[in-house]
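# Chain and residue survey
The lines below spell out each chain.
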Amino acid sequence: MAEVIGVRFKNVGKVYYFDPAGNILKKGDQVIVETARGVECGEVAMENREVGEESLVQPLRRLIRIATEADLNKVAENKKKEKSAFQICLKKITAHKLEMKLVDVEYTFDNSKILFYFTADGRVDFRELVKDLASVFRTRIELRQIGVRDEAKMLGGLGICGKPFCCSTFLGGFQPVSIKMAKEQGLSLNPVKISGICGRLMCCLKYEQETYAGLLRSVPGVNAVVMTPKGRGTVTENNLLSETVFVHLDSAPEAPAQPFHVKEVRVLKRGKNSQNKGDSAHTKTTGNE
């Protein structure tokens with residue numbers, strides 16, 4: 001076992017483990033640590049705790065220091081520089097006539113590198129742009145092409161539900177989402193209705209998927225032949241959340257289907273429940289798309 005703290009470098013970013021170097025830290029403390037891309041200032045997202053050696057990426061980097069007032073002032077100064085660098089880069093992109101959309105700019109804490117994040121429909125030859133930016137800022141320049149989901153996470157906004165984007169408020173990473181999830185949850189397959197502002201399938205489709213998958217196993221599908229307290233019949237409709245099935249009784253062919261709770265029926269022959277079948281358009285969307 002090893003004692004670690006979890007540090008996050010973005011508002012809703014991935015948490016990385018570091019050796020606290022004997023310090024007892026609280027959630028929200030600002031710390032200075034050394035990362036793969038240089039010295040960075042991050043926020044403690046996980047207080048001191050013991051974790052298994054197998055879950056650590058070795059060598060475990062040590063905490064340099066708890067952030068001082070001077071460190072925090074430097075972070076604020078970098079934020080101001082990022083706004084200026086953003087405008088300069090926009091002008092350079094226009095001058096080079098590149099088909100790319102600048103999304104965000106980030107200075108490393110020690111100013112050893114400036115990262116420019118952008119989106120584009122395809123590959124972009126930005127070699128001349130990098131040289132131009134390097135001549136202006138006199139430091140290392142890195143351009144990173146990101147996907148539309150990452151763009152939404154960085155910029156934030158309001159979803160169709162009226163609440164801030166999940167990805168920019170609490171989702172640390174993106175999980176695969178498929179059109180099959182929408183089918184199993186009985187949602188409209190209209191892309192406009194099940195897609196987020198980013199144009200990809202909504203992340204919230206993943207939240208209740210496990211519940212719906214369990215209900216699909218216990219609730220008889222449409223066309224299933226079942227035995228009810230009122231006799232044998234065929235399921236014409238079901239409601240997963242209320243665990244109710246509507247059965248057209250063989251003894252009353254002219255009567256409308258009657259509702260029964262799943263505990264009241266026994267399946268004699270399983271039907272082809274369209275909700276429980278895979279879809280030919282079983283496409284997945286991830287954060288890298």
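So, here's what we can say about the structure. Throughout, residues of each chain are indexed from 1 in the direction in which the sequence is written. Note on the predicted model: pLDDT of at least 70 is required for a residue's local features to be given, and 80 or more for side-chain atom pairs to be given and counted; whole-chain, interface and lining totals, by contrast, use all residues. Side-chain numbers here rest on the full set of heavy atoms in the structure, without hydrogens or water.

Right, let's talk about the packing of helix α1 (residues 69–96) against helix α2 (residues 127–137) for a bit. Note on definitions: angles span 0 to 180 degrees between N-to-C directions of axes, and those axes are lines fitted to C-alpha atoms, for helices only across the stretch in contact. A run of DSSP states H or I qualifies as a helix once it reaches four residues; a run of E qualifies as a strand once it reaches two. Both are numbered from the N-terminal end. For the pair α1 and α2, interaxial distance at closest approach is 10 Å and the crossing angle is 140°. Accordingly, the angle class assigned to the pair α1 and α2 is oblique. In terms of crossing hand, the pair formed by α1 and α2 is right-handed. In this structure, α1 uses Ala85, Ile88, Cys89, Lys92, Ile93 and His96 to contact α2, whose residues at the interface are Glu128, Leu129, Asp132, Leu133, Val136 and Phe137. Roughly parallel means an angle under 35 degrees; roughly antiparallel means over 145; roughly perpendicular covers 65 to 115; every other angle is labelled oblique. Here a crossing is called left-handed whenever its near helix is offset anticlockwise from the far helix by less than a right angle, and right-handed whenever the offset is clockwise. Every residue pair with non-hydrogen atoms within 4.5 Å of one another is taken to be in contact.

Further remarks concern the environment of Arg127. For Arg127, the position within the fold is in helix α2. Polar contact is the term for a pair of N or O atoms within 3.5 Å; when the atoms are in protein, one must be able to donate a hydrogen and the other to accept it, and sequence-neighboring residues count only if both atoms are side-chain atoms. A polar side-chain atom of Arg127 sits 2.9 Å from a polar atom in the side chain of Asp125.

Right, let's talk about the layout of surface pockets for a bit. Roughly 1,900 Å³ of internal volume is contained in the largest pocket. Only protein atoms enter the calculation, which uses a 1 Å grid: trapped sets of points that fit a 1.4 Å probe without letting it out are cavities, open sets showing protein on both sides within 12 Å along at least five of seven lines are pockets, and any residue with an atom within 4 Å of a point is a lining residue. Forming the walls of the largest pocket are 50 residues, and the residues nearest its centre are Phe9, Lys10, Gly13, Arg37 and Glu106. Counting only elements with at least two residues in the lining of the largest pocket, the list comes to β2 (15–18), β3 (30–35), β4 (38–51), α1, β6 (101–107) and α3 (148–155). Here the nonpolar group is Ala, Val, Leu, Ile, Met, Phe, Trp, Tyr, Cys and Pro; Asp, Glu, Lys and Arg are the charged ones; every other residue, Gly included, is treated as polar. A class-by-class count of the residues in the lining of the largest pocket yields 23 nonpolar, 13 polar and 14 charged. Grid points are joined across faces, edges and corners, and a volume is the space filled by probe spheres set on the points. Space inside the second largest pocket adds up to approximately 380 Å³. Around the second largest pocket, the lining is made up of 19 residues, and of these Gly159, Phe165, Cys166, Gly196 and Met202 lie nearest the centre.

With that out of the way, let us pick up the pairing of β3. Strands were regarded as paired on the criterion that DSSP finds at least two bridges between them. Strand direction decides the pairing type here: β3 and β4, joined by six bridges, are antiparallel. Bridging across to β4, Thr35 finds its partner in Gly38. Hairpin connection from β3 to β4: two residues lie between these consecutive antiparallel strands.

We now examine the sheet that holds strand β5 (residues 63–66). Remark on secondary structure: sheet strands pair via backbone hydrogen bonds, oriented parallel or antiparallel. Strand order in the open sheet formed by five strands is β2-β1-β4-β3-β5, with antiparallel pairing between adjacent strands. The sheet terminates laterally at β2 and β5, the two strands that pair on one side only. Within the sheet, the average angular offset between the axes of one strand and its neighbour, ignoring direction, is 45°. Where β3 lies against β5, three bridges are found, and the strand directions are antiparallel. By the bridge assignment, Val33 is partnered in β5 with Leu63.

Moving on: the pattern of salt bridges. Salt bridges are defined by distance alone: a side-chain nitrogen of Lys or Arg within 4 Å of a carboxyl oxygen of Asp or Glu. Tallying each qualifying case throughout the model produces 13 salt bridges. Here Lys101 makes a salt bridge to Glu151, at a shortest N to O gap of 2.6 Å. In this pair, Lys101 sits in strand β6 while Glu151 sits in helix α3, placing the two residues 50 residues apart along the sequence. Exposed residues in this analysis have more than 50% of their type's maximum accessible area, buried residues have under 20%, and partly exposed residues fall in between, with area computed by a 1.4 Å probe over protein chains only. For Glu151, a relative accessible area of 10% translates into the label buried. Note that Glu142 is salt-bridged to Arg144, the shortest N-O span being 2.5 Å.

This brings us to α1. What a helix is expected to span follows from its residue count: subtract one and scale by 1.5 Å. Spanning 28 residues, α1 covers 40 Å between terminal C-alpha atoms, matching the ideal 40 Å at 1.5 Å per step. Where α1 is concerned, the buried positions are Asp71, Asn78, Glu82, Ala85, Cys89 and Ile93. Considering only its buried residues, α1 is in contact with β3, β5, β6, β7 (113–119) and α2. One or two steps after α1, the chain reaches Lys97, where phi turns positive at roughly 55°.

Another aspect to go through is the packing of aromatic side chains. What characterises a pair of aromatic rings is the spacing of the ring centres plus the angle enclosed by the ring planes. Ring pairs are drawn from Phe, Tyr and Trp, using the six-membered ring of Trp, whenever the two centres fall within 6.5 Å, and their geometry is named by plane angle: stacked under 30 degrees, edge-to-face over 60, tilted for the rest. Within this structure, the stated rule accounts for five aromatic pairs. Between the aromatic rings of Phe170 and Tyr207, the centroid separation amounts to 6.3 Å while the plane-to-plane angle is 40°, which identifies the pairing as tilted. Taken together, the positions of Phe170 in the loop between α4 (166–169) and β9 (177–178) and Tyr207 in the loop between α6 (191–194) and α7 (209–218) put the pair 37 residues apart, joining distant regions of the chain. Accessibility expressed as a relative area gives 52% for Phe170, which makes it exposed. We classify Tyr207 as partly exposed; its relative accessible area is 40%. Put simply, the rings of Phe9, Tyr16 and Phe18 touch in pairs and so form one group of aromatic residues. The positively charged end of Lys74 is found above the aromatic ring belonging to Phe109, 4.9 Å away from the centroid. The rule for a charge over a ring is simple: NZ of Lys or CZ of Arg within 6 Å of the ring centre, and within 35 degrees of the ring normal.

By size, the foremost hydrophobic cluster in this structure holds 17 residues, and its most contacted members are Met100, Phe116, Leu133, Phe137 and Leu143. Of all the secondary structure elements, the ones that give two or more residues to this core are α1, β6, β7, α2 and β8 (140–145). Beyond its immediate chain neighbours, meaning those up to four positions away, Phe116 contacts Ala85, Cys89, Leu102, Asp104, Val105, Leu133, Phe137, Ile141, Glu142, Leu143 and Arg144. Judged by nonpolar contacts, the second largest core, of 14 residues, contains Ala224, Val235, Val245 and Val265. Each nonpolar core is a collection of buried residues, namely Ala, Val, Leu, Ile, Met, Phe, Trp, Tyr and Cys, held together in the definition by side-chain atoms within 4.5 Å.

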